Amino acid sequence: MALLITNIGQLVTLAGDNTRPRWRGGMCDLHIVNDGCVLIGDDGRVNQVMTSSTHRMSRLDHMIDGGGRTLLPGLIDAHWHAMLVRPTPASALAADIGYTNLLAGAEATDTLMRGFTTVRDMGGPAFGLKRAIDEGLVAGPRIFPSGAIITVTGGHATFVSSSNCPGSSADRRREWRCSARAWSPTARTRCAYARASS
């Protein structure tokens, strides 16, 4: 189902005139199309960006009037904690995990509505929320979960219960390495061997 968004006041793109973005000093050149239109294909991806004056599309079944608003690409939050954004530290420790999951789902929806289409969860049990979003049960951004939190003994994740936010403490280089590899079946064997031989 193709979708045409018309009457966009300012359309922000990462590349103008069908060229690749040019990078200077870590910043990408942005291009702004005034009075733009966007055609989104059946796959949900942007197929074409054009100005209203050059758009010669026949009327589609699905059209949205942008009302002169600004449209920009989805934002990415590279440090996010699905389960720890909304609850207070005290409730993150003591609240029922079902309630915490509902808070995380509500926060994921709000995060998407703020323009973040992708997030990197930096620790905690976000796999269930990721699955719910991927299956369309909850509206939210695409989540790339890290899994368990690794912290120094007494660090910020030491006192969180394992049911709410799994993690491990590590103080030496070997412990950090083993904790980071703990999710890999082959790495578990190597870490157990390293501990036994030390």
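Residues numbered from 1 in each chain as written. Predicted model: local features only at pLDDT ≥ 70, side-chain atom pairs only at ≥ 80, totals over all residues. Heavy atoms only, no water.

1. A closer look at the pattern of salt bridges
Oppositely charged side chains are able to pair whenever their charged atoms sit close together. Scanning all chains against the criterion turns up 5 salt bridges. Put simply, Arg86 and Glu107 hold a salt bridge, and the shortest N to O gap is 2.8 Å. Placement of Arg86 in the loop between β8 (75-80) and α1 (89-94) and of Glu107 in helix α2 (residues 97-113) is noted, with a sequence separation of 21 residues between them. By relative accessible area, which is 36% here, Arg86 ends up partly exposed. For Glu107, a relative accessible area of 7% puts it in the buried group. Residues Asp110 and Arg86 are paired through a salt bridge, measuring 2.1 Å at the closest nitrogen-oxygen approach. Of this pair, Asp110 sits in helix α2 while Arg86 sits in the loop between β8 and α1; the two residues are 24 residues apart in sequence, bridging distant segments of the chain. Because the salt bridges share partners, they merge into one network encompassing Arg86, Glu107, Asp110 and Arg114. (Salt bridge = Lys/Arg side-chain N within 4 Å of Asp/Glu carboxyl O. Helix = DSSP H or I, 4+ residues; strand = E, 2+ residues; numbered from the N terminus. Buried < 20%, exposed > 50% of the residue type's maximum accessible area, 1.4 Å probe, protein only.)

2. A look at the sheet that holds β8
The strand order across the open sheet formed by 3 strands is β8-β9-β10, and the pairing between neighbours is parallel. Each end of this open sheet is capped by a strand with a single partner; those strands are β8 and β10 (142-145). The sheet shows a mean angle of 15° between the axes of neighbouring strands, taken without regard to direction. On the sheet, α2 packs against β8 and β9 (116-121) and is oriented at approximately 130° with respect to β9. (Pairing = 2+ DSSP bridges. Axes fitted to C-alpha atoms, helices over the stretch in contact; angles between N-to-C directions. Contact = heavy atoms within 4.5 Å.)

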